[in-house]
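# Summary of the model geometry
Each chain is listed here by its residues.
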Amino acid sequence: MEIELVRVLLAFLVGYFLTISGSLSQIVTQNNLASPSTLGFDGLAVVCIIIAQFFVSALPYIFGIEVWSFLIFLSLFGIIYIFKQNLKQKTQLFVDQNIQTLILIGLGFNLFVGAVFSVIQFLFMALNMEFPTGIWFGNLKYHSVSYLWLFFIVFILLQFFLLKIAPNLRVLSIGHEFALGLGVKVKRVQAQSIFVSLFLTGLVISFFGVFSFLGLIFPHLLRLIPFFKYNMRNELLYGGIVTGLVFSAFDIACYNFDIYGTELPVGMVSSVLGSMALLTLLVRKQLIKKYS
Amino acid sequence: MKLKSKNIFQVHDVNVSCDLVLNEGISVLTGANGIGKSTFFHYIKNHRTEILPGLSCAFMDQFPLLPLSELRGEDLIQILDSDIPWFNGQKSKELIKEFQFERLLGNKVESYSGGENQIIKFVLLLSQGVDCYFLDEPLQYLDDKNISLVLEKLQSLSSKKVLIIEHRKEKILEVKPHFFEMSKDEGGITIK
(Lines give C-alpha, C1' and ligand atoms only; values in the text may rest on other atoms or scores of the structure.)
Protein backbone atom coordinates (compact mmCIF):
# COMPACT_ATOMS: atom_id res chain seq x y z
CA MET A 1 0.00 0.00 0.00
CA GLU A 2 1.35 3.44 -0.98
CA ILE A 3 0.83 6.48 1.20
CA GLU A 4 1.82 10.03 0.19
CA LEU A 5 2.03 12.37 3.15
CA VAL A 6 1.02 15.57 1.26
CA ARG A 7 -1.99 13.83 -0.22
CA VAL A 8 -3.02 12.33 3.12
CA LEU A 9 -2.81 15.74 4.82
CA LEU A 10 -4.79 17.39 2.03
CA ALA A 11 -7.44 14.66 2.18
CA PHE A 12 -7.69 15.30 5.92
CA LEU A 13 -8.20 19.03 5.33
CA VAL A 14 -10.77 18.41 2.56
CA GLY A 15 -12.78 16.14 4.91
CA TYR A 16 -12.40 18.69 7.70
CA PHE A 17 -13.53 21.66 5.59
CA LEU A 18 -16.54 19.84 4.13
CA THR A 19 -17.67 18.76 7.60
CA ILE A 20 -17.43 22.29 8.99
CA SER A 21 -19.16 23.63 5.91
CA GLY A 22 -22.02 21.14 6.42
CA SER A 23 -22.29 21.75 10.18
CA LEU A 24 -22.38 25.53 9.70
CA SER A 25 -25.09 25.38 7.05
CA GLN A 26 -27.20 23.01 9.17
CA ILE A 27 -26.91 25.12 12.32
CA VAL A 28 -27.64 28.48 10.76
CA THR A 29 -30.59 27.17 8.77
CA GLN A 30 -31.75 25.00 11.71
CA ASN A 31 -32.34 22.19 9.23
CA ASN A 32 -30.72 18.74 9.19
CA LEU A 33 -31.00 18.52 5.41
CA ALA A 34 -29.08 21.71 4.67
CA SER A 35 -25.58 21.24 3.27
CA PRO A 36 -23.32 22.74 0.58
CA SER A 37 -24.83 20.20 -1.84
CA THR A 38 -28.50 20.78 -1.03
CA LEU A 39 -28.15 24.57 -0.83
CA GLY A 40 -26.56 24.69 -4.29
CA PHE A 41 -23.04 25.77 -3.22
CA ASP A 42 -21.59 22.75 -5.06
CA GLY A 43 -23.41 23.75 -8.23
CA LEU A 44 -22.13 27.31 -7.97
CA ALA A 45 -18.53 26.08 -7.60
CA VAL A 46 -18.93 23.74 -10.59
CA VAL A 47 -20.23 26.61 -12.72
CA CYS A 48 -17.00 28.44 -11.82
CA ILE A 49 -14.90 25.48 -12.92
CA ILE A 50 -16.80 25.41 -16.23
CA ILE A 51 -16.22 29.15 -16.74
CA ALA A 52 -12.56 28.82 -15.75
CA GLN A 53 -12.08 25.84 -18.07
CA PHE A 54 -13.59 27.46 -21.16
CA PHE A 55 -12.68 31.12 -20.86
CA VAL A 56 -9.83 31.75 -18.50
CA SER A 57 -7.61 28.95 -19.76
CA ALA A 58 -7.66 30.72 -23.14
CA LEU A 59 -5.78 33.65 -21.57
CA PRO A 60 -1.99 33.70 -21.13
CA TYR A 61 -0.94 31.60 -18.14
CA ILE A 62 -1.06 33.49 -14.85
CA PHE A 63 -2.61 30.98 -12.47
CA GLY A 64 -3.71 27.38 -12.78
CA ILE A 65 -7.36 26.67 -13.58
CA GLU A 66 -8.08 25.85 -9.92
CA VAL A 67 -6.98 29.33 -8.76
CA TRP A 68 -9.03 30.99 -11.51
CA SER A 69 -12.00 28.86 -10.63
CA PHE A 70 -11.76 29.86 -6.98
CA LEU A 71 -11.38 33.56 -7.84
CA ILE A 72 -14.42 33.37 -10.12
CA PHE A 73 -16.30 31.60 -7.33
CA LEU A 74 -15.55 34.42 -4.90
CA SER A 75 -16.45 37.07 -7.50
CA LEU A 76 -19.74 35.33 -8.37
CA PHE A 77 -20.59 35.13 -4.69
CA GLY A 78 -19.94 38.87 -4.38
CA ILE A 79 -22.17 39.63 -7.36
CA ILE A 80 -24.98 37.42 -6.01
CA TYR A 81 -24.63 39.04 -2.60
CA ILE A 82 -24.94 42.56 -4.06
CA PHE A 83 -27.81 41.45 -6.29
CA LYS A 84 -29.58 39.90 -3.32
CA GLN A 85 -29.18 43.08 -1.26
CA ASN A 86 -30.76 45.10 -4.09
CA LEU A 87 -33.55 42.59 -4.45
CA LYS A 88 -34.20 42.72 -0.73
CA GLN A 89 -34.71 46.45 -0.91
CA LYS A 90 -37.16 46.19 -3.79
CA THR A 91 -39.00 42.97 -3.07
CA GLN A 92 -39.50 40.51 -0.27
CA LEU A 93 -38.65 37.61 -2.62
CA PHE A 94 -35.58 36.33 -0.76
CA VAL A 95 -36.67 37.44 2.69
CA ASP A 96 -39.82 35.34 2.62
CA GLN A 97 -38.21 32.09 1.46
CA ASN A 98 -38.24 29.39 4.07
CA ILE A 99 -35.39 26.94 4.29
CA GLN A 100 -37.29 24.07 2.64
CA THR A 101 -37.82 26.27 -0.42
CA LEU A 102 -34.16 27.27 -0.45
CA ILE A 103 -33.12 23.60 -0.29
CA LEU A 104 -35.40 22.79 -3.23
CA ILE A 105 -33.96 25.75 -5.17
CA GLY A 106 -30.44 24.54 -4.31
CA LEU A 107 -31.17 20.97 -5.42
CA GLY A 108 -32.81 22.25 -8.60
CA PHE A 109 -29.76 24.38 -9.33
CA ASN A 110 -27.46 21.39 -8.79
CA LEU A 111 -29.57 19.34 -11.21
CA PHE A 112 -29.36 22.14 -13.76
CA VAL A 113 -25.57 22.25 -13.40
CA GLY A 114 -25.48 18.45 -13.78
CA ALA A 115 -27.45 18.77 -17.04
CA VAL A 116 -25.08 21.47 -18.34
CA PHE A 117 -22.19 19.22 -17.38
CA SER A 118 -23.68 16.39 -19.49
CA VAL A 119 -24.01 18.74 -22.49
CA ILE A 120 -20.37 19.78 -22.14
CA GLN A 121 -19.30 16.15 -21.84
CA PHE A 122 -21.21 15.38 -25.05
CA LEU A 123 -19.61 18.33 -26.87
CA PHE A 124 -16.14 17.13 -25.90
CA MET A 125 -17.03 13.68 -27.22
CA ALA A 126 -18.55 15.07 -30.46
CA LEU A 127 -15.49 17.23 -31.11
CA ASN A 128 -13.16 14.29 -30.43
CA MET A 129 -11.50 16.17 -27.59
CA GLU A 130 -10.15 14.61 -24.45
CA PHE A 131 -12.52 15.28 -21.56
CA PRO A 132 -10.69 16.78 -18.55
CA THR A 133 -12.06 14.27 -16.05
CA GLY A 134 -9.51 15.13 -13.36
CA ILE A 135 -11.28 18.14 -11.95
CA TRP A 136 -14.85 16.93 -12.54
CA PHE A 137 -14.76 13.88 -10.33
CA GLY A 138 -13.50 14.93 -6.94
CA ASN A 139 -10.13 13.38 -6.22
CA LEU A 140 -6.80 14.32 -4.78
CA LYS A 141 -4.64 13.10 -7.67
CA TYR A 142 -3.52 16.65 -8.53
CA HIS A 143 -2.20 17.61 -5.12
CA SER A 144 0.86 19.74 -4.41
CA VAL A 145 2.78 21.19 -1.47
CA SER A 146 1.65 24.74 -2.39
CA TYR A 147 -2.00 23.64 -2.13
CA LEU A 148 -1.23 22.13 1.25
CA TRP A 149 0.17 25.45 2.47
CA LEU A 150 -2.92 27.33 1.24
CA PHE A 151 -5.27 24.83 2.86
CA PHE A 152 -3.23 24.88 6.06
CA ILE A 153 -3.46 28.70 6.31
CA VAL A 154 -7.24 28.48 5.82
CA PHE A 155 -7.34 25.75 8.47
CA ILE A 156 -5.55 28.00 10.99
CA LEU A 157 -7.82 30.98 10.23
CA LEU A 158 -10.84 28.71 10.52
CA GLN A 159 -9.79 27.72 14.06
CA PHE A 160 -9.91 31.37 15.15
CA PHE A 161 -13.35 31.78 13.57
CA LEU A 162 -14.73 28.61 15.14
CA LEU A 163 -13.36 29.36 18.61
CA LYS A 164 -14.97 32.80 18.47
CA ILE A 165 -18.31 31.75 17.06
CA ALA A 166 -18.83 28.25 18.54
CA PRO A 167 -20.70 29.37 21.71
CA ASN A 168 -23.08 31.51 19.62
CA LEU A 169 -23.65 28.69 17.16
CA ARG A 170 -24.28 26.24 19.96
CA VAL A 171 -27.02 28.48 21.38
CA LEU A 172 -28.29 29.10 17.83
CA SER A 173 -28.66 25.33 17.33
CA ILE A 174 -31.32 25.35 20.10
CA GLY A 175 -33.49 27.74 18.08
CA HIS A 176 -33.16 31.09 16.33
CA GLU A 177 -35.78 32.95 18.37
CA PHE A 178 -34.43 31.46 21.58
CA ALA A 179 -30.88 32.57 20.67
CA LEU A 180 -32.16 36.05 19.78
CA GLY A 181 -33.74 36.24 23.23
CA LEU A 182 -30.36 35.44 24.78
CA GLY A 183 -28.75 38.32 22.92
CA VAL A 184 -27.10 36.39 20.07
CA LYS A 185 -26.83 38.57 16.97
CA VAL A 186 -28.53 35.90 14.90
CA LYS A 187 -28.46 37.56 11.48
CA ARG A 188 -24.77 38.45 11.77
CA VAL A 189 -23.81 34.93 12.92
CA GLN A 190 -25.89 33.44 10.09
CA ALA A 191 -24.29 35.67 7.45
CA GLN A 192 -20.74 34.98 8.70
CA SER A 193 -21.34 31.22 8.90
CA ILE A 194 -22.91 30.96 5.46
CA PHE A 195 -20.02 32.96 4.01
CA VAL A 196 -17.45 30.63 5.64
CA SER A 197 -19.40 27.55 4.54
CA LEU A 198 -19.54 28.85 0.98
CA PHE A 199 -15.84 29.79 1.05
CA LEU A 200 -14.77 26.34 2.25
CA THR A 201 -16.94 24.57 -0.34
CA GLY A 202 -15.63 26.79 -3.13
CA LEU A 203 -12.03 26.23 -2.04
CA VAL A 204 -12.33 22.43 -1.95
CA ILE A 205 -14.27 22.12 -5.24
CA SER A 206 -12.05 24.57 -7.12
CA PHE A 207 -8.89 22.65 -6.21
CA PHE A 208 -10.07 19.05 -6.03
CA GLY A 209 -13.50 18.79 -7.70
CA VAL A 210 -16.90 17.80 -6.35
CA PHE A 211 -17.35 15.59 -3.29
CA SER A 212 -21.13 15.70 -3.25
CA PHE A 213 -23.10 15.13 -0.08
CA LEU A 214 -20.08 14.74 2.24
CA GLY A 215 -20.97 18.06 3.87
CA LEU A 216 -24.44 16.66 4.52
CA ILE A 217 -23.56 13.21 5.71
CA PHE A 218 -20.44 13.82 7.82
CA PRO A 219 -22.23 15.95 10.48
CA HIS A 220 -24.97 13.29 10.66
CA LEU A 221 -22.43 10.51 11.15
CA LEU A 222 -20.76 12.51 13.90
CA ARG A 223 -24.08 12.93 15.69
CA LEU A 224 -24.30 9.16 16.07
CA ILE A 225 -21.47 9.51 18.64
CA PRO A 226 -22.68 10.82 22.05
CA PHE A 227 -19.67 13.16 22.41
CA PHE A 228 -20.93 15.10 19.37
CA LYS A 229 -24.64 14.29 19.57
CA TYR A 230 -25.27 16.30 22.73
CA ASN A 231 -22.79 19.09 22.13
CA MET A 232 -22.71 21.16 18.95
CA ARG A 233 -19.53 22.90 20.16
CA ASN A 234 -17.69 19.57 20.13
CA GLU A 235 -18.97 18.93 16.61
CA LEU A 236 -17.65 22.30 15.42
CA LEU A 237 -14.30 22.16 17.19
CA TYR A 238 -13.39 18.47 17.01
CA GLY A 239 -15.85 16.78 14.63
CA GLY A 240 -13.88 17.76 11.53
CA ILE A 241 -10.77 16.05 12.91
CA VAL A 242 -12.59 12.70 13.11
CA THR A 243 -14.21 12.96 9.68
CA GLY A 244 -10.97 14.35 8.19
CA LEU A 245 -9.16 11.22 9.35
CA VAL A 246 -11.97 9.02 8.01
CA PHE A 247 -11.82 10.79 4.66
CA SER A 248 -8.00 10.40 4.53
CA ALA A 249 -8.36 6.66 5.10
CA PHE A 250 -11.08 6.55 2.44
CA ASP A 251 -8.81 8.36 -0.04
CA ILE A 252 -5.90 6.00 0.68
CA ALA A 253 -8.24 3.08 -0.03
CA CYS A 254 -9.40 4.64 -3.33
CA TYR A 255 -5.80 5.49 -4.31
CA ASN A 256 -4.73 1.90 -3.84
CA PHE A 257 -7.81 0.44 -5.54
CA ASP A 258 -7.45 1.01 -9.28
CA ILE A 259 -9.69 -0.29 -12.03
CA TYR A 260 -7.65 -1.31 -15.09
CA GLY A 261 -4.91 1.05 -13.96
CA THR A 262 -7.25 4.03 -13.37
CA GLU A 263 -7.53 5.38 -9.86
CA LEU A 264 -11.03 5.23 -8.40
CA PRO A 265 -12.07 8.90 -7.84
CA VAL A 266 -12.95 9.30 -4.17
CA GLY A 267 -15.46 12.06 -5.09
CA MET A 268 -17.40 9.67 -7.33
CA VAL A 269 -17.65 7.06 -4.58
CA SER A 270 -18.61 9.70 -2.00
CA SER A 271 -21.34 11.06 -4.34
CA VAL A 272 -22.92 7.61 -4.65
CA LEU A 273 -22.72 6.89 -0.93
CA GLY A 274 -23.73 10.44 0.02
CA SER A 275 -26.83 10.52 -2.17
CA MET A 276 -27.88 7.10 -0.82
CA ALA A 277 -27.42 8.46 2.70
CA LEU A 278 -29.54 11.52 1.84
CA LEU A 279 -32.35 9.27 0.61
CA THR A 280 -32.09 7.17 3.78
CA LEU A 281 -32.28 10.31 5.92
CA LEU A 282 -35.35 11.60 4.08
CA VAL A 283 -37.16 8.26 4.37
CA ARG A 284 -36.15 7.94 8.06
CA LYS A 285 -37.44 11.46 8.77
CA GLN A 286 -40.79 10.65 7.18
CA LEU A 287 -41.06 7.36 9.08
CA ILE A 288 -40.26 9.04 12.41
CA LYS A 289 -42.89 11.71 11.67
CA LYS A 290 -45.43 9.01 10.80
CA TYR A 291 -44.90 6.79 13.83
CA SER A 292 -44.18 9.38 16.55
CA MET B 1 -37.96 51.52 30.76
CA LYS B 2 -39.80 54.33 29.03
CA LEU B 3 -41.13 53.89 25.52
CA LYS B 4 -43.04 56.89 24.27
CA SER B 5 -43.00 57.16 20.53
CA LYS B 6 -45.29 57.47 17.53
CA ASN B 7 -45.35 54.94 14.67
CA ILE B 8 -42.68 52.65 16.10
CA PHE B 9 -43.67 49.70 13.88
CA GLN B 10 -46.56 48.47 11.74
CA VAL B 11 -49.08 45.64 12.12
CA HIS B 12 -50.83 44.79 8.83
CA ASP B 13 -49.89 48.26 7.49
CA VAL B 14 -51.37 50.02 10.56
CA ASN B 15 -49.00 52.23 12.55
CA VAL B 16 -48.45 51.42 16.20
CA SER B 17 -47.74 54.19 18.72
CA CYS B 18 -46.61 53.55 22.23
CA ASP B 19 -46.80 55.36 25.58
CA LEU B 20 -45.46 52.87 28.06
CA VAL B 21 -43.39 53.20 31.23
CA LEU B 22 -42.24 49.91 32.68
CA ASN B 23 -41.50 50.13 36.39
CA GLU B 24 -40.41 47.49 38.89
CA GLY B 25 -43.13 44.91 39.37
CA ILE B 26 -45.38 43.01 37.05
CA SER B 27 -47.03 44.68 34.10
CA VAL B 28 -49.39 43.00 31.70
CA LEU B 29 -50.11 44.00 28.13
CA THR B 30 -53.55 42.93 26.97
CA GLY B 31 -55.42 43.36 23.73
CA ALA B 32 -57.53 41.51 21.18
CA ASN B 33 -56.18 38.62 19.14
CA GLY B 34 -54.17 39.71 16.13
CA ILE B 35 -53.77 43.33 17.26
CA GLY B 36 -49.97 42.97 17.38
CA LYS B 37 -49.02 42.12 20.97
CA SER B 38 -46.48 39.49 19.89
CA THR B 39 -45.17 41.82 17.17
CA PHE B 40 -44.55 44.37 19.94
CA PHE B 41 -42.79 41.65 21.95
CA HIS B 42 -40.51 40.90 18.97
CA TYR B 43 -39.95 44.59 18.42
CA ILE B 44 -38.59 44.88 21.97
CA LYS B 45 -36.49 41.71 21.49
CA ASN B 46 -34.93 43.02 18.30
CA HIS B 47 -34.36 46.58 19.52
CA ARG B 48 -33.45 45.91 23.13
CA THR B 49 -30.18 47.84 23.05
CA GLU B 50 -31.93 51.04 21.92
CA ILE B 51 -35.05 50.62 24.10
CA LEU B 52 -33.33 49.30 27.20
CA PRO B 53 -29.82 50.78 27.24
CA GLY B 54 -27.71 49.35 30.04
CA LEU B 55 -30.38 46.89 31.14
CA SER B 56 -30.06 43.14 30.80
CA CYS B 57 -33.15 41.22 29.77
CA ALA B 58 -34.56 37.77 29.19
CA PHE B 59 -37.37 36.71 26.86
CA MET B 60 -39.82 33.84 26.75
CA ASP B 61 -41.59 33.72 23.39
CA GLN B 62 -44.28 31.45 21.97
CA PHE B 63 -41.96 29.38 19.75
CA PRO B 64 -41.35 25.81 20.93
CA LEU B 65 -37.75 24.76 21.58
CA LEU B 66 -36.64 22.57 18.67
CA PRO B 67 -32.89 21.94 18.88
CA LEU B 68 -31.05 20.77 15.76
CA SER B 69 -29.50 17.78 17.51
CA GLU B 70 -31.25 15.35 19.84
CA LEU B 71 -30.60 17.32 23.03
CA ARG B 72 -32.07 16.25 26.36
CA GLY B 73 -33.24 18.73 28.96
CA GLU B 74 -30.05 18.32 31.00
CA ASP B 75 -27.88 18.94 27.90
CA LEU B 76 -29.81 22.13 27.23
CA ILE B 77 -29.21 23.37 30.77
CA GLN B 78 -25.53 22.38 30.63
CA ILE B 79 -25.05 24.29 27.34
CA LEU B 80 -26.65 27.46 28.70
CA ASP B 81 -24.78 27.13 31.99
CA SER B 82 -21.44 27.08 30.19
CA ASP B 83 -22.15 29.56 27.38
CA ILE B 84 -24.39 32.20 29.03
CA PRO B 85 -22.67 33.99 31.94
CA TRP B 86 -25.92 35.19 33.56
CA PHE B 87 -27.55 31.75 33.45
CA ASN B 88 -27.73 29.62 36.58
CA GLY B 89 -27.93 25.90 35.77
CA GLN B 90 -28.34 24.85 39.40
CA LYS B 91 -31.38 27.11 39.74
CA SER B 92 -32.88 25.51 36.61
CA LYS B 93 -32.63 22.05 38.12
CA GLU B 94 -34.17 23.22 41.40
CA LEU B 95 -37.08 24.88 39.57
CA ILE B 96 -37.72 21.78 37.48
CA LYS B 97 -37.87 19.81 40.72
CA GLU B 98 -40.39 22.29 42.14
CA PHE B 99 -42.56 21.85 39.05
CA GLN B 100 -42.13 18.05 39.48
CA PHE B 101 -40.91 17.71 35.92
CA GLU B 102 -37.59 15.95 36.66
CA ARG B 103 -38.30 13.52 33.82
CA LEU B 104 -37.77 16.38 31.37
CA LEU B 105 -34.04 16.37 32.16
CA GLY B 106 -33.56 12.91 30.67
CA ASN B 107 -36.02 13.24 27.78
CA LYS B 108 -35.30 14.64 24.34
CA VAL B 109 -36.43 18.26 24.02
CA GLU B 110 -38.05 17.53 20.63
CA SER B 111 -40.36 15.00 22.34
CA TYR B 112 -41.77 17.52 24.88
CA SER B 113 -45.49 18.24 24.84
CA GLY B 114 -46.77 21.82 24.53
CA GLY B 115 -47.07 22.17 28.32
CA GLU B 116 -43.65 20.61 28.98
CA ASN B 117 -42.07 22.92 26.43
CA GLN B 118 -43.72 25.87 28.15
CA ILE B 119 -42.47 24.78 31.59
CA ILE B 120 -38.87 24.31 30.43
CA LYS B 121 -38.91 27.71 28.68
CA PHE B 122 -40.25 29.33 31.85
CA VAL B 123 -37.58 27.61 33.95
CA LEU B 124 -34.84 28.74 31.54
CA LEU B 125 -36.18 32.30 31.75
CA LEU B 126 -36.24 32.37 35.55
CA SER B 127 -32.71 30.96 35.69
CA GLN B 128 -31.38 34.11 34.05
CA GLY B 129 -30.26 36.78 36.49
CA VAL B 130 -31.31 39.90 34.56
CA ASP B 131 -33.02 43.27 35.14
CA CYS B 132 -36.08 42.82 32.88
CA TYR B 133 -38.20 39.81 31.98
CA PHE B 134 -40.51 39.67 28.96
CA LEU B 135 -43.00 36.82 28.57
CA ASP B 136 -45.32 36.22 25.64
CA GLU B 137 -48.41 34.20 26.69
CA PRO B 138 -46.58 32.22 29.40
CA LEU B 139 -49.76 30.46 30.59
CA GLN B 140 -50.76 28.82 27.33
CA TYR B 141 -50.81 24.97 27.32
CA LEU B 142 -50.58 24.88 31.13
CA ASP B 143 -53.01 23.15 33.48
CA ASP B 144 -54.43 24.93 36.56
CA LYS B 145 -51.80 23.50 38.92
CA ASN B 146 -48.92 24.71 36.79
CA ILE B 147 -50.58 28.08 36.13
CA SER B 148 -50.70 28.65 39.94
CA LEU B 149 -47.05 27.68 40.26
CA VAL B 150 -46.00 29.93 37.38
CA LEU B 151 -47.92 32.88 38.89
CA GLU B 152 -46.32 32.20 42.28
CA LYS B 153 -42.87 32.27 40.68
CA LEU B 154 -43.73 35.45 38.79
CA GLN B 155 -44.63 37.16 42.06
CA SER B 156 -41.12 36.46 43.30
CA LEU B 157 -39.86 38.72 40.48
CA SER B 158 -41.67 41.79 41.84
CA SER B 159 -38.37 43.62 42.43
CA LYS B 160 -37.60 43.35 38.69
CA LYS B 161 -39.23 44.84 35.62
CA VAL B 162 -41.58 42.23 34.19
CA LEU B 163 -43.82 42.60 31.14
CA ILE B 164 -46.24 39.81 30.35
CA ILE B 165 -48.32 39.60 27.20
CA GLU B 166 -51.61 37.90 28.02
CA HIS B 167 -55.02 38.42 26.46
CA ARG B 168 -56.97 36.75 29.30
CA LYS B 169 -56.91 39.39 32.06
CA GLU B 170 -58.70 37.17 34.59
CA LYS B 171 -55.96 34.54 34.48
CA ILE B 172 -53.30 36.91 35.66
CA LEU B 173 -55.14 39.05 38.26
CA GLU B 174 -53.57 37.00 41.06
CA VAL B 175 -50.19 38.73 40.61
CA LYS B 176 -51.82 42.19 40.95
CA PRO B 177 -50.25 43.60 37.83
CA HIS B 178 -50.30 47.01 36.24
CA PHE B 179 -52.27 46.73 32.98
CA PHE B 180 -51.44 48.22 29.61
CA GLU B 181 -53.90 47.99 26.76
CA MET B 182 -53.15 47.63 23.08
CA SER B 183 -56.14 48.91 21.15
CA LYS B 184 -57.10 50.16 17.72
CA ASP B 185 -58.77 53.45 16.95
CA GLU B 186 -58.96 55.86 14.00
CA GLY B 187 -55.39 57.04 14.53
CA GLY B 188 -53.97 53.53 14.40
CA ILE B 189 -52.96 51.12 17.16
CA THR B 190 -51.89 52.50 20.52
CA ILE B 191 -50.27 50.91 23.57
CA LYS B 192 -50.98 52.75 26.81
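Residues numbered from 1 in each chain as written. Chains lettered and ligands numbered in written order. Predicted model: local features only at pLDDT ≥ 70, side-chain atom pairs only at ≥ 80, totals over all residues.

### Some details on the overall build of chain A
Regarding its fold elements, chain A presents 12 helices and 2 strands. For chain A, the α and β elements follow one another from N to C terminus as α-α-α-α-α-α-α-α-α-α-α-β-β-α. For chain A, the spread of C-alpha atoms along the principal axes amounts to about 60 × 50 × 40 Å. Of all 292 residues assigned to chain A, the portion counted as buried reaches 42%. (Helix = DSSP H or I, 4+ residues; strand = E, 2+ residues; numbered from the N terminus. Buried ≥ 20, exposed ≤ 12 C-beta atoms within 10 Å, placed from the backbone.)

### A look at the overall build of chain B
Per the secondary structure count, chain B includes 8 helices and 8 strands. Taking 192 residues into account, the globule formula puts the C-alpha radius of gyration at 16 Å, and chain B, at 17 Å, falls close to it. Principal axes of the C-alpha set define a box for chain B whose edges measure 50 × 35 × 30 Å. Nonlocal contacts in chain B, meaning residues at least 24 apart in sequence, comprise 74% of its contacts between residues at least 6 apart. (Rg over C-alpha atoms; globule rule 2.2 N^0.38 Å. Contact = placed C-beta atoms within 7 Å.)

### With respect to the pairing of strand 7 (residues 178-185) of chain B
Residues and elements named next belong to chain B. With 5 bridges joining them, strand 3 (residues 25-31) and strand 7 adopt parallel strand pairing. Following the sheet pairing, G31 is matched in strand 7 by M182. Note that strand 7 and strand 8 (residues 188-191) share 4 bridges and pair antiparallel. Across the sheet, residue M182 finds its bridge partner in strand 8, namely I191. Linking strand 7 back to strand 8 in an antiparallel pair, the connection comprises 2 residues. (Pairing = 2+ DSSP bridges.)

### Considering the nonpolar core
Residue and element names in this part refer to chain A. Residues V14, F17, L172, A179 and V204 are the most contacted members of the largest nonpolar core, which totals 116 residues. If one sorts the elements of this core by residue count, helix 1 (residues 5-29) sits on top with 12 residues. If near-sequence neighbours (up to four positions away) are discounted, A179 is found in contact with V171, L172, I174, V184 and V186. (Core = buried A, V, L, I, M, F, W, Y, C linked by C-beta atoms within 7 Å.)

### Some details on the pairing of strand 4 (residues 57-60) of chain B
All names here are of chain B. Alternating residues of strand 4 divide into C57 and F59 and A58 and M60, and every residue in both groups is buried. Of the pairings in the sheet, the one linking strand 4 to strand 5 (residues 132-136) comprises 4 bridges and is parallel in character. Pairing of M60 across the sheet is with L135, part of strand 5.

### Things to note about the packing of helix 4 (residues 89-98) of chain B against helix 6 (residues 114-126) of chain B
All names here are of chain B. Where helix 4 contacts helix 6, the axes come no closer than 9 Å and their chain directions differ by 140°. The orientation of helix 4 relative to helix 6 falls into the category oblique. When the axes of helix 4 and helix 6 are compared, the crossing they make is right-handed. Along the contact surface, helix 4 presents S92, L95 and I96, while helix 6 presents V123, L124 and L126. A per-class count over the contact of helix 4 with helix 6 returns 5 nonpolar, 1 polar and no charged. (Axes fitted to C-alpha atoms, helices over the stretch in contact; angles between N-to-C directions. Parallel < 35°, antiparallel > 145°, perpendicular 65-115°, else oblique. Left-handed = near helix turned anticlockwise from the far one by under 90°. Nonpolar A, V, L, I, M, F, W, Y, C, P; charged D, E, K, R; others polar.)

### Things to note about the confidence of the model for chain B
Residue and element names in this part refer to chain B. Of all residues in chain B, 96% have pLDDT values of 70 or greater, and the mean over the chain is 85. The lowest-confidence element of chain B is strand 1 (residues 2-11), averaging 69 in pLDDT; the highest-confidence one is helix 6, averaging 93. Two numbers describe this predicted complex: its pTM, 0.85, and its ipTM, 0.86. (pLDDT = per-residue confidence, 0-100.)

### A few points about the interface of chain B and chain A
Taken together, the contacts link 17 residues of chain B with 19 residues of chain A. Here the side of chain B that touches chain A takes 4 residues from helix 3 (residues 73-83) of chain B, the largest share from any one element. Among the residues forming the side of chain B that touches chain A, the class breakdown is 11 nonpolar, 1 polar and 5 charged.

### Quick notes on the environment of S27 of chain B
Among the structural elements, S27 of chain B can be located in strand 3. Look past the residues within four positions of S27 of chain B in its chain and what remains in contact with it is L22, V162, L163, P177, H178 and F180 of chain B.

### A closer look at the environment of S127 of chain B
Residues and elements named next belong to chain B. Along the chain, S127 falls in the loop between helix 6 and strand 5. Classification of S127 as buried rests on a count of 23 C-beta atoms within 10 Å. Spatially, the C-alpha atoms of S127 and L139 are 18 Å apart, while their sequence positions differ by 12 residues.

### What about unusual backbone geometry?
Residues and elements named next belong to chain B. Within the chain, Q100 stands out as a residue other than glycine whose phi angle is a positive 55°. Here Q100 lies in the loop between helix 4 and helix 5 (103-106). Within the chain, Y141 stands out as a residue other than glycine whose phi angle is a positive 70°. Looking at the secondary structure, you find Y141 in the loop between strand 5 and helix 7 (144-155).

### Quick look at the packing of helix 9 (residues 214-222) of chain A against helix 12 (residues 266-291) of chain A
Residue and element names in this part refer to chain A. It is at 9 Å that the axes of helix 9 and helix 12 come closest, and there the two elements cross at 60°. In terms of orientation, helix 9 lies oblique with respect to helix 12. Read as a crossing pair, helix 9 and helix 12 show a hand that is left-handed. Residue-level contacts link L214, L216, I217 and H220 of helix 9 to S270, G274, A277, L278 and L281 of helix 12. Considering only residue class, the contact of helix 9 with helix 12 consists of 6 nonpolar, 3 polar and no charged.

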